[in-house]
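Secondary and tertiary structure notes
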Amino acid sequence: MPGGVSSPVRAFKSVGGNPFFVKEAKGAWLTDVDGNQYVDYIMSWGPLILGHAHERVVAALQAAVAKGTSYGIPNPYEVELAQLVQQLMPNIEMVRFVNSGTEACMSALRLARAYTGRDKIIKFAGNYHGHADMLLVAAGSGVATLGLPNSPGVPESAVRNTLTANFNDLDSVQAIFEQHKGEIAGIILEPVAGNMGMVPPNKGFLEGLREMCTQHGAVLIFDEVMTGFRVDPGGAQTLFGIQPDLTTLGKVIGGGLPVGAYGGKREIMEMVAPVGPMYQAGTLSGNPLAMVAGIETLKGVASPATWDHMATVGAALDEGVADAAQAAGVPIFQQRLGSMSGLFFSEQPVTDYATAKQCDLEAFNIFFHAMLENGVYIAPSQFEAAFISTAHGKKEIKHTVAAAEKAFAQVRSA
Ligand code: KE4
């Protein structure tokens, strides 16, 4: 297994050292194969908003697995999950389930191209939408420059039509539309960036993108694989009141099982086979186990008590961490939206990829390892977000703040 991992970010490359191997998990806690325990703020990179092995999710899976693990046939579970998605994100008139966020984003971009008959797409430096070839493009040196691959194995032809703009910079998007009039099929973005650390949209940014897409007949795609049901029960589109044409989903809608989805305006979605000519398919799409895990998880998302809990726990956690940093004299920049948060080792606000990259990565790495030594697992990269769940409570906050006091002291004395 390359690097001993099934996904690169797990290998601790940017923070150094080797990852632990997990034996089991319950609620907010992980236990590694040596018996060490950690409070988990990654929660499998977002999906486990109800915590690990939630009793309702486990019970639903146990009941479903006895009736078969995969059908490859339409089943009521798919319909129920689709209805729950639509209940929480009414802007999604039709939805197609796939098996990962990558598949969801790849398919949504193919659909934007099919619907408009245009080839070019716009993404933002620092946004990540999975590993499909067309999205593995180097952050544009000049905003309107044609895409260049940022990974071996991606042919220049695959990214030539991918243009890169700057997050929270409407002028950089306008420049591309002016340079490529009538050629832009769509814009894809994380409406709250989570892959450069957490960076919310500036006031007016999402509105500006909505107007530009409407004006130029381009498809606006919100990649809510991470923000969906995390920043708000209805995702960023509900929190900020902006209606994208298409939305991509993943993570939370599978409750820890492999799921992705794309959906949105009926007029666009009816381009998708077998109704329309745009082809997209998947053997395990809509499989009963992923569907029931998603159903139980979204039922938890739909409960107002969940969001009261996130507000209470989130505020107490952030206050404790801020006090610990201040006591140690370590400058940090923290932000929170619902159950998702960001912590930067930066004296200035972080508003885009350029300012995110100016963070003190050395301080972050010391902090990461000190937290791990004190039983707290945060993402092994400054450019990730943190997640709480309904299983995080007073005990976890107390444990985390105590660890943070020690960790900030180590950063200070380094
Ligand atoms: P997956 O193909 O990994 O299910 O989803 C890709 C994806 C799409 N869009 C957004 C906004 C995402 O954050 C992701 C995946 N997120 C990363 C962590 N930032 C997953 C962790 C990993 O790559 O191992």
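Shown above is the structure to which this text applies.
Residues numbered from 1 in each chain as written. Predicted model: local features only at pLDDT ≥ 70, side-chain atom pairs only at ≥ 80, totals over all residues. Heavy atoms only, no water.

1. Some remarks on the overall build of the protein
The helix and strand tally for the protein stands at 13 helices and 14 strands. Its C-alpha atoms give the protein a radius of gyration of 21 Å, within 12% of the compact-globule value 22 Å for 414 residues. With respect to the principal axes defined by its C-alpha atoms, the protein has extents near 55 × 55 × 40 Å. Considering only contacts in the protein between residues 6 or more positions apart, those separated by 24 or more positions represent 71%. For the protein, the accessible area works out to roughly 17200 Å², and carbon and sulfur atoms hold 55% of it. Where the 28 positive side-chain charges of the protein centre and where its 38 negative ones centre are 4 Å apart. (Helix = DSSP H or I, 4+ residues; strand = E, 2+ residues; numbered from the N terminus. Rg over C-alpha atoms; globule rule 2.2 N^0.38 Å. Contact = heavy atoms within 4.5 Å. Areas by Shrake-Rupley, 256 points an atom, 1.4 Å probe, with all protein chains shown as cover. Lys, Arg positive; Asp, Glu negative; His and termini not counted. Charge placed at Lys NZ, Arg CZ, Asp CG, Glu CD.)

2. Considering the packing of helix α5 (residues 170-179) against helix α6 (residues 205-216)
At a minimum axis separation of 10 Å, α5 and α6 run at an interaxial angle of 10 degrees. Considering their axes alone, α5 and α6 lie roughly parallel with respect to each other. Here α5 contributes L170, V173, Q174 and F177 to the contact with α6, which in turn contributes F205, G208, L209, M212 and H216. Residues belonging to the contact of α5 with α6 are distributed by class as follows: six nonpolar, three polar and no charged. (Axes fitted to C-alpha atoms, helices over the stretch in contact; angles between N-to-C directions. Parallel < 35°, antiparallel > 145°, perpendicular 65-115°, else oblique. Nonpolar A, V, L, I, M, F, W, Y, C, P; charged D, E, K, R; others polar.)

3. Notes on the site of the ligand
Of all residues adjacent to the ligand, which total 16 residues, the nearest are S7, T102, N195, D223 and E384. A distance of 2.7 Å is found between an oxygen atom of the ligand and a side-chain nitrogen or oxygen belonging to T102. K251 has a polar side-chain atom sitting 3.1 Å from a nitrogen atom of the ligand. For the ligand, whose accessible area on its own is 540 Å², the fraction buried by protein is 86%. Of the residues belonging to the shell around the ligand, the class tally is five nonpolar, seven polar and four charged. (Near = heavy atom within 4 Å. Polar contact = N/O pair within 3.5 Å; in protein donor to acceptor, adjacent residues only side chain to side chain.)

4. Let's talk about the pairing of strand β8 (residues 219-223)
The element β8 is extensively covered by neighbouring structure, given that five of its five residues are classed as buried. Burial along β8 is two-sided: the residues V219, I221 and D223 and L220 and F222 are all buried. Of the strand pairs in this sheet, strand β7 (residues 184-189) and β8 are connected by four bridges, and their pairing is parallel. Within β8, the residue paired with I187 across the bridge is L220. In the classification by handedness, the crossover that spans β7, the intervening α6 and the parallel β8 is right-handed. Bridging between β8 and strand β9 (residues 246-250) involves three bridges; their strand directions are parallel. The residue bridging I221 from the neighbouring strand is L246, located in β9. (Buried < 20%, exposed > 50% of the residue type's maximum accessible area, 1.4 Å probe, protein only. Pairing = 2+ DSSP bridges. Right-handed = clockwise from strand over helix to strand, strands pointing away.)

5. Points about the nonpolar core
Membership of the largest hydrophobic core comes to 67 residues, with the highest contact counts inside it found for F229, I253, L298, Y377 and F408. Those residues within four positions of I253 in sequence are excluded, and the remaining contacts are L81, V85, F97, F229, V259, G260, A261, A290, G294 and L298. One finds F205, L206, L220 and F222 within the second-largest nonpolar core, a separate group that totals 28 residues. (Core = buried A, V, L, I, M, F, W, Y, C linked by side-chain atoms within 4.5 Å.)

6. Some words on the pattern of salt bridges
In total, this model carries eleven salt bridges according to the counting rule given. The residue R210 makes a salt bridge to D245 at a minimum N-O spacing of 3.1 Å. With R210 in helix α6 and D245 in the loop between α7 (235-239) and β9, the pair connects residues that are 35 residues apart, well separated along the chain. As far as the burial class goes, R210 and D245 line up, both buried. By sharing partners, the salt bridges in this structure join R56, E80, E296 and K299 into a single network. (Salt bridge = Lys/Arg side-chain N within 4 Å of Asp/Glu carboxyl O.)

7. Overview of unusual backbone geometry
The peptide bond linking A273 to P274 adopts the cis configuration, its omega dihedral lying at 10 degrees. Note that P274 resides in the loop between α8 (266-269) and α9 (288-301). Positive phi, close to 60 degrees, is recorded for S44, a residue that is not glycine. Among the secondary structure elements, S44 is positioned in the loop between β3 (37-40) and α1 (55-65). Under the relative-accessibility criterion, S44 is labelled partly exposed at 39%. Phi is positive for F229, close to 65 degrees, though the residue is something other than glycine. Accessibility expressed as a relative area gives 1% for F229, which makes it buried.

8. Points about the packing of α1 against α9
Direction vectors running N to C along α1 and α9 enclose 155 degrees, while the axes themselves pass 9 Å from each other. Relative to α9, the element α1 lies roughly antiparallel. Judged by the twist between their axes, the crossing of α1 over α9 is right-handed. Contact residues: R56, V57, A60, L61, A64 and V65 in α1; L289, V292, A293, E296, T297 and G300 in α9. Broken down by class, the residue content of the contact of α1 with α9 amounts to eight nonpolar, two polar and two charged. (Left-handed = near helix turned anticlockwise from the far one by under 90°.)

9. Examining the sheet that holds strand β12 (residues 340-344)
By definition, the strands of a sheet pair up through backbone hydrogen bonds, in either a parallel or an antiparallel sense. Ordered by their spatial adjacency, three strands build an open sheet running β11-β12-β14, and the pairing between neighbours is antiparallel. The sheet is open, and its two borders are formed by β11 (333-337) and β14 (386-387), each paired with just one other strand. By the bridge criterion, five bridges tie β11 to β12 in an arrangement that is antiparallel. Opposite F333, over in β12, you have F344 as the bridge partner. Relative to the sheet, helix α10 (residues 304-328) contacts β11 and β12, its axis offset from that of β11 by approximately 180 degrees.

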